[in-house]
Amino acid sequence: MKVVTEVQNPLQVFAQMESEVRSYCRHFPVVFAKESGHTIWDTAGRDYIDFFAGAGALNYGHNNPVIKEKLIEYLTKDGLTHSLDMATEAKEALLQRFDEVILAPRGLRYKVMFPGPTGTNSVEAALKLARKVTGRHTILSFTNGFHGMTIGSLSVTGNRTKREGAGMPDAMDTAAYIERLLEDGGSGLSLPAAMILETVQGEGGINVASDAWLQSIEKMCRKHGILLIVDDVQAGCGRTGTFFSFERAGIVPDFVCLSKSIGGYGLPLALTLIKPELDIWKPGEHNGTFRGNNLAFVAGQEALNYWQDDSFGKSIEQKGQMVHSRLEQLVTAYPYLHGEVRGKGLMQGIAVKPEGLAEAICTRAFERGLVMETSGPNGEVMKFLPPLTITDEALKTGLAILEESIKDCQRKERG
Ligand code: PMP
């Protein structure tokens, strides 16, 4: 007698119990169980190369063994886990290391605020402080910028129809355009408290702002007394090849928002960096229960060791170049994509023309064992965000899977 086992939907529990708001599990419809380095396994034991890296929260790889060791050690000795903003050994060590390895060598002086664990917490704190410092209310933000999903951050998250979006079709022109609006008393644009920008727009489609544009924005901000906020939540922590994404342009923002990989191990942590003279907060004026994630302090401190010298940055640069030339090859080899390669370091993408194609290729790639997502206002960009620690070998294998997926979709398009 044949026993017929019912094929169960592996996501049944989630479909039944979890809110309709869930999204990534719809794109990657398996149950994940294990991860290491650049590899994730599902409960069926299938392995996937990760070109997603927790949306940039896993720059140092999954379960990075050195960081894991430090966490186990810390847990074993009963170190504090939760501490609001009390002074702890782990936080002290992180602050000192951050100054030693990141701030001091770059000649940067910032006070460090712990605004709560997520990227959007960091943005909210910067917006609130910019308003408090200047006494002005409006914030200038850019089309296709993404800053988070809480109300304040959302209000500066640009889409085509939204508020202050100044448009970013041609970077230099935009700067000149804003300057004209600011100079023209009758333009209707009131002097903003701050401008907020990403040097490479992550969710917005891997749009890279040029150094010259960033410099003219900084100059304009100084001239008009506007505070400059760089949201480095996704592009920071080495993603573009330097620890801060704005280093290449030589600008010094008034506030810097950091999150995602600052917690080293995928553990929630965010910082808002504030120029000392702007740190006019009164004690407790902006607070929250989860601002002291000591496990993230421990992991984050350990992760900073990658930045002790310039070798890690160089390796990101090298890998980035490798990815870039391979993506250029693919765009040339498959004209049906009408593709355009974008990005910096290991934050890259291919924008494709046919509607829905980027998503179709990502879906196919997942079936073939590669995790990657789309970005851009219409999901038209295939986005490549591997862990920065990925091996050349795995990068090549992932890119080969991508090529096969592009071929599969081409066959489908041709019918
Ligand atoms: N800013 C940028 C540039 C981001 O990419 C994101 C998240 N993708 C955020 C802010 C918000 O971070 P979080 O999801 O942790 O709130």
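Residues numbered from 1 in each chain as written. Predicted model: local features only at pLDDT ≥ 70, side-chain atom pairs only at ≥ 80, totals over all residues. Heavy atoms only, no water.

Novice: What is the right way to look at the packing of helix α11 (residues 311-333) against helix α13 (residues 392-414) in this model?
Specialist: Helix-helix packing is characterised by the crossing angle of the two axes and by the distance between the axes. At a minimum axis separation of 11 Å, α11 and α13 run at an interaxial angle of 15 degrees. Relative to α13, the element α11 is oriented roughly parallel. In the packing of α11 onto α13, the handedness of the crossing is right-handed. Of the residues in α13, those in contact with Lys319, Met322, Val323, Arg326, Leu327 and Leu330 of α11 are Asp392, Leu395, Lys396, Leu399, Ala400, Leu402, Glu403 and Ile406. Residues that form the contact of α11 with α13 fall into these classes: 9 nonpolar, no polar and 5 charged. (Axes fitted to C-alpha atoms, helices over the stretch in contact; angles between N-to-C directions. Helix = DSSP H or I, 4+ residues; strand = E, 2+ residues; numbered from the N terminus. Parallel < 35°, antiparallel > 145°, perpendicular 65-115°, else oblique. Left-handed = near helix turned anticlockwise from the far one by under 90°. Contact = heavy atoms within 4.5 Å. Nonpolar A, V, L, I, M, F, W, Y, C, P; charged D, E, K, R; others polar.)

Novice: I tried to follow the packing of helix α12 (residues 357-367) against α13 on my own but got confused; where do I start?
Specialist: In the contact formed by α12 and α13, the axes pass within 8 Å of each other and the chain directions differ by 125 degrees. With respect to α13, the element α12 is oriented oblique. Crossing geometry of α12 relative to α13 is assigned as right-handed. Only Ile401, Leu402, Ser405, Ile406, Asp408, Cys409 and Glu413 of α13 make contact with α12, whose side of the interface consists of Leu357, Ala360, Ile361, Arg364 and Ala365. Per-class residue counts for the contact of α12 with α13 are 8 nonpolar, 1 polar and 3 charged.

Novice: Would you mind going over the sheet that holds strand β9 (residues 227-231) with me for this structure?
Specialist: Pairing in this open sheet of 6 strands is mixed, and the strands run β4-β11-β10-β9-β6-β5 from one edge to the other. Looking along the sheet, the strands with just one partner apiece sit at the ends: β4 (111-113) and β5 (139-140). (Pairing = 2+ DSSP bridges.)

Novice: Just to check I follow, could you spell out empty space enclosed by the protein for this structure?
Specialist: According to the stated counting rule, one finds 2 cavities of 30 Å³ or more in the structure shown. Of the pockets and cavities examined, the largest cavity occupies roughly 40 Å³. For the largest cavity, the full set of lining residues is Phe114, Gly116, Pro117, Pro268, Leu269, Ala270, Phe290, Arg291 and Asn293. Residue classes in the lining of the largest cavity are distributed as 6 nonpolar, 2 polar and 1 charged. Roughly 30 Å³ of internal volume is contained in the second largest cavity. For the lining of the second largest cavity, the leading source of residues is helix α5 (residues 89-103), giving 3 residues. Across the lining of the second largest cavity, the residue classes break down as 6 nonpolar, no polar and no charged. (1 Å grid on protein atoms, 1.4 Å probe; cavity = no way out; pocket = protein on both sides within 12 Å on 5 of 7 lines; lining within 4 Å. Points joined across faces, edges and corners; volume = space filled by probe spheres on them.)

Novice: Just to check I follow, could you spell out the pairing of β9 for this structure?
Specialist: Each regular strand displays side chains that alternate between the two surfaces of the sheet. In terms of burial, β9 is largely enclosed, as 5 of its 5 residues are buried. Side chains Leu227, Ile229 and Asp231 project from β9 onto one buried face, and the interleaved Leu228 and Val230 project onto a second face that is buried too. Where strand β6 (residues 194-197) and β9 come together, 4 bridges link them in parallel fashion. Directly across from Met195, in β9, lies its bridge partner Leu228. With 3 bridges joining them, β9 and strand β10 (residues 255-258) adopt parallel strand pairing. When the bridges of β10 are listed, Val230 appears paired with Val256. (Buried < 20%, exposed > 50% of the residue type's maximum accessible area, 1.4 Å probe, protein only.)

Novice: Looking at this model, I keep getting lost on the nonpolar core. Mind explaining?
Specialist: One broad trend across soluble globular proteins is that nonpolar side chains are buried collectively. Counting residues in each nonpolar core, the largest one holds 83 residues, and the members touching the most others are Phe98, Met195, Ile217, Phe243, Phe244 and Leu402. Looking at this core element by element, the count peaks at 7 residues for α13. The contacts of Leu402, once residues within four sequence positions are left out, are Leu327, Leu330, Ile361, Leu370, Met372, Met382 and Phe384. Of all hydrophobic cores here, the second largest spans 20 residues; its members include Ala126, Ala130, Ile139 and Ala193. (Core = buried A, V, L, I, M, F, W, Y, C linked by side-chain atoms within 4.5 Å.)

No statement about biological role is implied by the geometric values presented.
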